[in-house]
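Read off the chains here:
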Amino acid sequence: MNALFHSIKPNTALLAYGLFLATNAMSIWGGVFPFLPLTFQTPQLLFWFFLAQATLFSCTFFMSAACSYFFPHMPYRRMIIIAASCYFTGWAALILSTYLASHTLILIGIAGVFLGAGSAGYYLLFQRLFVSQEATSGMHNIILGSAYAALIYFMLYAVPTAVTVYLAPLVFMPLFTLALIINARAINEEQPMFVDIPREHPHVYKRTWLVFWRSALCMASLGLCTGIMRARAIDNPQVGSYVNVLSMCALLIAALTFLLLWKMGNVSFNVLAIYRVLFPLILTALALLAFLPIGYTSWLAAGLYAIYSVALLLLMLQAGCASRDYGVNPLFLFGLMGGVVFLLHDVGFIAGSFVNIAFISIDVQPSDTALLAVWILSVIYFVTHHKLRSEIASAFNNPAIELPDSLFERTDKQHTSSKNKLEKHPYENADAFEKTAAEHTQSCNIAQNKALQIKRGNDIAGETPVKAPSSNISNKESAHQHKNALHESHAKRSQHPARSMFDTKEAVSDDMKQDRIELHVDAVRKAFNLSAREAEVVNQIVRGKTAACIAEELFVSLNTINTHTRRIYTKLGIHKKDELVKLVEQAQE
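To start, this report covers the structure provided alongside it. Nothing here was measured: the structure is a model prediction, and the numbers come from that model.

Describing the packing of helix 4 (residues 76-97) against helix 7 (residues 161-184)
Here helix 4 crosses helix 7 at 175°, and the two axes come no closer than 10 Å. Put simply, helix 4 runs roughly antiparallel to helix 7. Contacts between helix 4 and helix 7 pair Y76, R77, I80, A84, Y87, F88, W91 and I95 from the former with V165, Y166, A168, P169, L170, M173, F176, T177, L180, I181 and A184 from the latter. When its residues are assigned to classes, the contact of helix 4 with helix 7 shows 17 nonpolar, 1 polar and 1 charged.

Below you can see the structure in the form of structure tokens.
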């Protein structure tokens, strides 16, 4: 019971985040104002507000990614002041728009601009705060803060509407802003993600984006369909309020489920795998639009938006883990991934709203909207899970359907050409081989593997091992030496079958040894609660690789590897590499 109470015990950081999410749901959670008079919320007014808000919201995320890359050392408190000023101005304009009927449209546009920029700024600030914390604490604060956000939002319905509107800018915003300022003092600015200059490590940032762009696009496709369907449902603002309530219910259930699973043991999520599971379910739900009553549209919009709110929670968790593992500035990665997700959601909502307002005379059926959403989902699913060039190549290389060439008699020239192709040596294509070898010799780890292959080939013939190419030998010459050594090794193996068998046994023994190391590292990871990236670093250290080699192989900076190493030593209670190797060797599989 004490452990359960400790796991749900709040702190200032997660309470501030929950209060921010609840306040956000009162203003920009999809462009509906659940605590403002329904007569004030006309479809046209909501459209222009959300157009302004969505544009600034997405632009702020992309601007954050760009600024963190080119100007990574911007003071944290200055960012808090900018976000707070924008957020307060937006709320003030929104409240004034309810009193000044003659200037409502102008004020609602100003409110959308400043609320969009301010809310995006707070999202980014909370993400930076949680990522700077220890991994367990940071993820726990995000998950539990989301659960408290739902509870706070439901409690707001017990407060009179006229009072609730004023609580947001005058009470709630100062509270979570003050909490951000207080917690900013505990941020360790010496971490690699804050110290490293991104322009000095462009390969790290490029690699990180190449790893996670598919996840971002999957969430963005869900956001796009959610925006389209939700725009179809908010002709009645009351439905929009139900959407907010259902979204908060989903967030609460998801957060509590994550905490329960986490309490039972280590939990890991694969966004692409989750998307593959949800894909047929969402397609089925969209297809039912053509057969079910019109009221189903509102429930579908609410359900999709509930899933989308959980996807945003996963987005923050994934971006945070990636920033720690790769040593990437959290404002860059979350800004880029979040910018893509929110941009496509906003595009979907704006497009759907535009159809509702500008083309109201055209008979647009729910099934037409569903068809558009299905097409978008299908295209993005293919892009994120398949490579077009590889799919085309595999379509004509699979022998499942094979047309035999005996139908037409081939000429002697064709026979000769085919015979020559069969007699070609695997390394006959020298240009392609030299190009590949030249590229691989630039990596220290690949160079070691090459030297090992050359050594094995010469050991079989009983010769002295060939030395690794020195630094003054060009990549092309190194490729020639490697090719010749492999040629000789291939010939000697055929002349000495017994030695070849013995060498095969040695290779199998080496593979078994490597597998044993992985099993021992996995045992250490489970015993000391190491993260997946920390276990990967331990695996590389035990194999004798230097920090520079590990950084190059994992596409991170040397400073990031050193930080991972210090954290590993702290968790294991050791101080030297030899102690780590000994600990891994003694681990029980």
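Having seen the structure, we can now continue with the description.
Notes on helix 5 (residues 104-132)
Look at helix 5: 41 Å from first C-alpha to last across 29 residues, which is about the 42 Å you get at 1.5 Å a residue. For helix 5, the buried fraction is high: 24 of the 29 residues fall into the buried class.

Here we look at helix 24 (residues 577-586)
Every buried residue of helix 24 is listed here: L580, V581 and V584. Looking straight down helix 24, one finds its buried side chains confined to an arc of 95°; they lie on one side. Exposed and facing more than 90 degrees away from the buried side of helix 24 are D578, E585 and Q586.

Observations regarding the packing of helix 21 (residues 532-542) against helix 23 (residues 558-572)
Helix 23 packs onto helix 21 with a crossing angle of 95° between their chain directions and a minimal axis gap of 10 Å. The angle between the axes of helix 21 and helix 23 places the two elements in the roughly perpendicular class. Within the contact between the two elements, helix 21 uses R533, E534, V537, V538 and I541 and helix 23 uses I561, H564, T565, R567, I568 and K571. Within the contact of helix 21 with helix 23, the residues separate by chemical class into 5 nonpolar, 2 polar and 4 charged.

Looking at unusual backbone geometry
Even without being glycine, N529 reaches a positive phi, approximately 60°. For N529, a relative accessible area of 43% gives the class partly exposed. Despite not being glycine, F555 has its phi angle at roughly 60°, a positive value. You can see F555 is positioned in the loop between helix 22 (547-554) and helix 23. On the accessibility criterion, F555 (32% relative accessible area) is partly exposed.

The rules behind the values
Here the residue numbers are simple positions, counted from 1 along each chain's written sequence. Confidence filtering applies because this is a predicted model: local features only for residues at pLDDT of at least 70, side-chain atom pairs given and counted only at 80 or more, and all residues used for totals across whole chains, interfaces and linings. To get the side-chain values, all heavy atoms of the structure are used, and hydrogens and water are removed first. Only the contacting stretch of a helix is used when fitting its axis, a line to C-alpha atoms as for every element, and angles between N-to-C directions run 0 to 180 degrees. Secondary structure elements follow DSSP: runs of H or I of four or more residues count as helices, runs of E of two or more count as strands, with numbering from the N terminus. Convention used here: angles under 35 degrees read as roughly parallel, angles over 145 as roughly antiparallel, angles from 65 to 115 as roughly perpendicular, and any remaining angle as oblique. Between two residues, a contact is recorded if the distance between any of their heavy atoms is within 4.5 Å. Side-chain classes follow a simple rule in which Ala, Val, Leu, Ile, Met, Phe, Trp, Tyr, Cys and Pro form the nonpolar group, Asp, Glu, Lys and Arg form the charged group, and the remainder, Gly included, forms the polar group. Expected span of a helix: the number of residues minus one, times 1.5 Å. Classification of residues uses two cut-offs on accessible area relative to the type maximum, computed with a 1.4 Å probe and protein chains only: under 20% is buried, over 50% is exposed, and between them is partly exposed. Throughout, the arc means that of the directions going from the helix axis to the C-beta atoms.

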